Amino acid sequence: MPSSTALPPCPPGRNKPPFWTVSRLFRFALLANGRWKLLLVGCAGFILHQVSEALVPATIGAAVDKAISPHDAGALLWWLGALAIVFVVLALSWRIGTLATNRSFLYGSHDLRQLAVERTLHPRGMATRRAPGEIVAIASSDADRVAGLSWLIGGGLAATAGVVTSAVTLLLVSVPLGIAVLVATPVMLIVMHRLTKPLEDRSDVEQSSAARAGALATDFVTGSRPLKGLGAEEAAVTRYTAASRTSLLAGLRAVRSRSAYNGASTALSAAFLAGIAFYAAWFALQGSITVGQLVAVVGVAQFVQGPMAALGFLSVELARKRASAARIAALLEEPEAVPAPSEESTTAASGPASDPAPLPGGATAFGPAPLLELRRSEGAAAFPPFTASVGEIVGVVLPDSSQARLLVDTLGFRTPAPPGLVSIHGRDAADLDPVHVRSTIFADSHDGVLFRGSVRENVAAADTTLQERAMAAAAVGDFVSQLPEGTETVLTGHGQSLSGGQRQRLVLGRSLHQQQPVLVLHDPTTAVDTATEAVIADGLRNFPDKALVLVTTSPTLLAVCHRVVVGRVGGASETGTHRDLLASSAGYREVVGS
């Protein structure tokens, strides 16, 4: 067993109050890893752009009064130069703001995806199983939406700067006009904020429904072959249709709310602008303002519609981002499947002296403790006790397939092991962290999947060198040699182009390539023919440096085991060789079918 000092430490346990909240995720997306600098530059660029744009009608109005009305060509050239400078600043500030904000958005989205991936792949797992499609939706669309808060803040601050500049311009032209803008703006924003609450709720429902529909679609596409084999295509279509319909209705409700909100926002902005324009025209007719000032007021009134609409829509976008952030936070705060042990146990388990090196025959420096031991424990009576040492092949027969899966998940540390149930080198596995346990035991699930990549990358995993004994034991040579590029053939769609037996043999080959001294194989030959199964059984004898635990009811595999332990529901377990148990146990013959 490798020394714990050479292993990467398991991430700390999560048995603590919630850390990730909506507000904390917002701060992380905006400010972490130096993104606050990009945010400041982006906001400054957008603010300068809006201020410059608001100054365009004021500059034109000043040119009318100072140059065009008095027919002053020199002044006209001066004002045209000033207008050109304003446009140059306007264009450059927009470019700088866009570049900085886009970088902040991309980096923030990447970091949020990293958080989601790290939580999904955390060694202690998640207590609630989430569909792959749901996790993909959270790590992609929800992460992008939350990271887009940088655009929202930059745009909101720029819109505020535009409204303030417009109000100041109007105050300089006419105090009543400026006061009208300053009073009408907060009133409209309060009204629009009140209208966003139902939209936030519907956005959350919309995103959750879409994630569920996407998860179903991913599962059905991945399992298309088994569905066809079972003749369950119609049932799958019915389930997806129902989920898709629910998602569609939720989306339509959210769109209707958003459309109603946008309509109300546009109507309020238009009414506001019409009032300002009418008020300014009346002042011009009374001679209170000049023609240039009238031009400036009308231009500012047209310009301010954009910032006003942006401020009104700010709450809508914030509501959607809050809903996405809540979904990410729920994923990050998902309880662990394997709770963290106490600090004292962790400290005791991590010392360098707690890893006795295995000696020939499975003995250790501290005595003849087996490499792996499954003990009797209250609540796990269906698990027969057994030990496994280097060089042994141990068969485990469980009549209940669900118990077999639970045993494999427990040995693989995907399900918490009760204290005292699993022992590694004489130490309770419940006191060890998952990284430590998985450095000794490899226990893949029965439905192990293939990934996009070459056959070599799927089988050899971290090691690029294929082991001849593992390839021979998995009996993959006969069909791999017939693939277009042999072991370099790229598999797509989880290997759907291969038969079920071929995929199972590649998964078995991957398991046999693992470096852990204990390999737990769960029914590794259920999809292969009897001749191939016999080849695989014989090949498993060629691993004297491993302890193999075969959780199976296959008589061909059990025949090569040194010992077979049989679990009995509510009864005592039996132990012996396959031959002895066939001769002495009617229950064993019934389960094994031989």
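Just so we're clear, the structure is a prediction, and the values are computed from it rather than from any experiment.

### Remarks on the overall build of the protein chain
- Secondary structure summary: the protein chain contains 22 helices and twelve strands in total.
- Considering the protein chain as a whole, with its 594 residues, one finds that 48% of them fall into the buried category.
- When the accessible area of the protein chain is evaluated, it comes to approximately 28100 Å², of which 63% is carbon and sulfur surface.

### Observations concerning the packing of helix 2 (residues 35-68) against helix 10 (residues 291-303)
- Their axes nearest at 7 Å, the elements helix 2 and helix 10 cross at an angle of 160 degrees. In terms of their interaxial angle, helix 2 and helix 10 are classed as roughly antiparallel. When the axes of helix 2 and helix 10 are compared, the crossing they make is right-handed. Of the residues in helix 10, those touching helix 2 at Q50, E53, A54, P57, A58, I60, G61, V64 and D65 are V291, G292, Q293, V295, A296, G299, V300 and F303.
- Of the residues in the contact of helix 2 with helix 10, the class split is ten nonpolar, five polar and two charged.

### Focus on the nonpolar core
- L506, L512, L540, V564 and Y588 are the most contacted members of the largest nonpolar core, which totals 38 residues.
- Sort the elements by how many residues they give to this core and helix 18 (residues 500-512) lands first, with four residues.
- Listed in part, the 30 residues of the second largest apolar core include L371, L374, A404 and A417.

### Some words on the environment of V480
- In this fold, V480 is placed in helix 17 (residues 477-480).
- You can call V480 buried: its relative accessible area is 4%.
- With residues up to four places along the chain from it excluded, the contact list for V480 reads V455, G486, T487 and L506.

### Re unusual backbone geometry
- Even without being a glycine, N33 presents a positive backbone phi close to 55 degrees.
- For N33, the position within the fold is in the loop between helix 1 (22-31) and helix 2.
- Although it is not a glycine, H71 adopts a positive phi angle of roughly 55 degrees.
- Take H71: it is sitting in the loop between helix 2 and helix 3 (73-120).

### Observations regarding the pairing of strand 11 (residues 563-566)
- Looking at chain direction, strand 3 (residues 393-397) and strand 11 are connected through four bridges and run parallel. By the bridge assignment for strand 11, V396 is matched with V565.

### Structural notes on a nonpolar patch on the surface
- Together, V175, I179, V183, V187, V191 and L268 line one region of the surface with nonpolar side chains, adding up to about 480 Å² of accessible area.
- If one sorts the elements of the nonpolar patch by residue count, helix 6 (residues 175-195) sits on top with five residues.

### Let's talk about the sheet that holds strand 1 (residues 372-374)
- The four strands are arranged 2-1-4-5 in an open sheet whose pairing can be described as antiparallel. The open sheet is flanked by strand 2 (386-388) and strand 5 (427-428), the only strands paired with a single partner.
- As defined by bridge partners, strand 1 adjoins strand 4 (residues 422-424) across three bridges and the pair is classed as antiparallel. Bridging from a neighbouring strand, L372 pairs with I424 of strand 4.

### Some words on the confidence of the model for the protein chain
- This prediction gives the protein chain a mean pLDDT of 81; 82% of its residues lie at or above 70.
- Here residues 1-7 is a poorly scored stretch, pLDDT under 50, and it has 20 contacts once near neighbours within four places are set aside; other chains count.
- With pLDDT under 50 throughout, residues 344-367 is counted as low confidence; its partners more than four residues away or in other chains account for 41 contacts.

### Digging into the side chain of Q516
- By the secondary structure assignment, Q516 is in the loop between helix 18 and strand 9 (518-522).
- Residue Q516 is classed as buried on the basis of its relative accessible area of 13%.
- Not counting residues up to four positions away in its chain, the partners in contact with Q516 are R438, S439, T440, I441, F442 and K546.

### Description of helix 11 (residues 305-332)
- End to end, helix 11 covers 40 Å across 28 residues, agreeing with the expected 40 Å (1.5 Å per residue, within 8%).
- Taken as a whole, helix 11 carries its principal kink of about 35 degrees at F313.

### Considering the packing of helix 1 against helix 11
- The geometry of helix 1 relative to helix 11 is characterised by a closest axis approach of 9 Å and an angle of 100 degrees between their N-to-C directions. One finds that helix 1 runs roughly perpendicular with respect to helix 11. In this structure, helix 1 contributes V22, L25 and F26 to the contact, and helix 11 contributes L318, K321, R322, A325, A326, I328, A329 and L332.
- Class assignment of the residues belonging to the contact of helix 1 with helix 11 gives a composition of nine nonpolar, no polar and two charged.

### Observations regarding the packing of aromatic side chains
- Applying the stated criterion across every chain yields a total of six aromatic pairs.
- Aromatic pair F19 and W20: ring centres 4.9 Å apart, planes at 90 degrees, arrangement edge-to-face.
- Summarising the aromatic geometry, the rings of W20 and F28 are spaced 5.5 Å apart at their centres and angled 80 degrees between planes, so their arrangement reads as edge-to-face. Comparing W20 with F28, the two get one shared label, buried.
- Among the aromatic residues, those joined into a cluster by ring pairs are F19, W20 and F28.
- Sitting over the ring of F19, R24 keeps its end group 4.3 Å from the ring centre.
- Taking the ring centre of F28 as reference, the NZ or CZ of R35 above it sits at 5.5 Å.

### Some details on the pattern of salt bridges
- Tallied over the entire structure, the rule returns 15 salt bridges.
- Several salt bridges converge on common partners, so that one network encompasses R130, E134 and E334.

Conventions we followed
- Residues numbered from 1 in each chain as written.
- Predicted model: local features only at pLDDT ≥ 70, side-chain atom pairs only at ≥ 80, totals over all residues.
- Heavy atoms only, no water.
- Helix = DSSP H or I, 4+ residues; strand = E, 2+ residues; numbered from the N terminus.
- Buried < 20%, exposed > 50% of the residue type's maximum accessible area, 1.4 Å probe, protein only.
- Areas by Shrake-Rupley, 256 points an atom, 1.4 Å probe, with all protein chains shown as cover.
- Axes fitted to C-alpha atoms, helices over the stretch in contact; angles between N-to-C directions.
- Parallel < 35°, antiparallel > 145°, perpendicular 65-115°, else oblique.
- Left-handed = near helix turned anticlockwise from the far one by under 90°.
- Contact = heavy atoms within 4.5 Å.
- Nonpolar A, V, L, I, M, F, W, Y, C, P; charged D, E, K, R; others polar.
- Core = buried A, V, L, I, M, F, W, Y, C linked by side-chain atoms within 4.5 Å.
- Pairing = 2+ DSSP bridges.
- Patch = residues over 30% accessible without salt bridge, like charges linked within 9 Å, V, L, I, M, F, W, Y side chains within 5 Å.
- Salt bridge = Lys/Arg side-chain N within 4 Å of Asp/Glu carboxyl O.
- pLDDT = per-residue confidence, 0-100.
- Expected span 1.5 Å × (residues − 1).
- Bend = angle between axes of the 7 residues up to and from the residue.
- Phe/Tyr/Trp six-rings, centres within 6.5 Å; stacked < 30°, edge-to-face > 60°.
- Lys NZ or Arg CZ within 6 Å of the ring centre and 35° of its normal.

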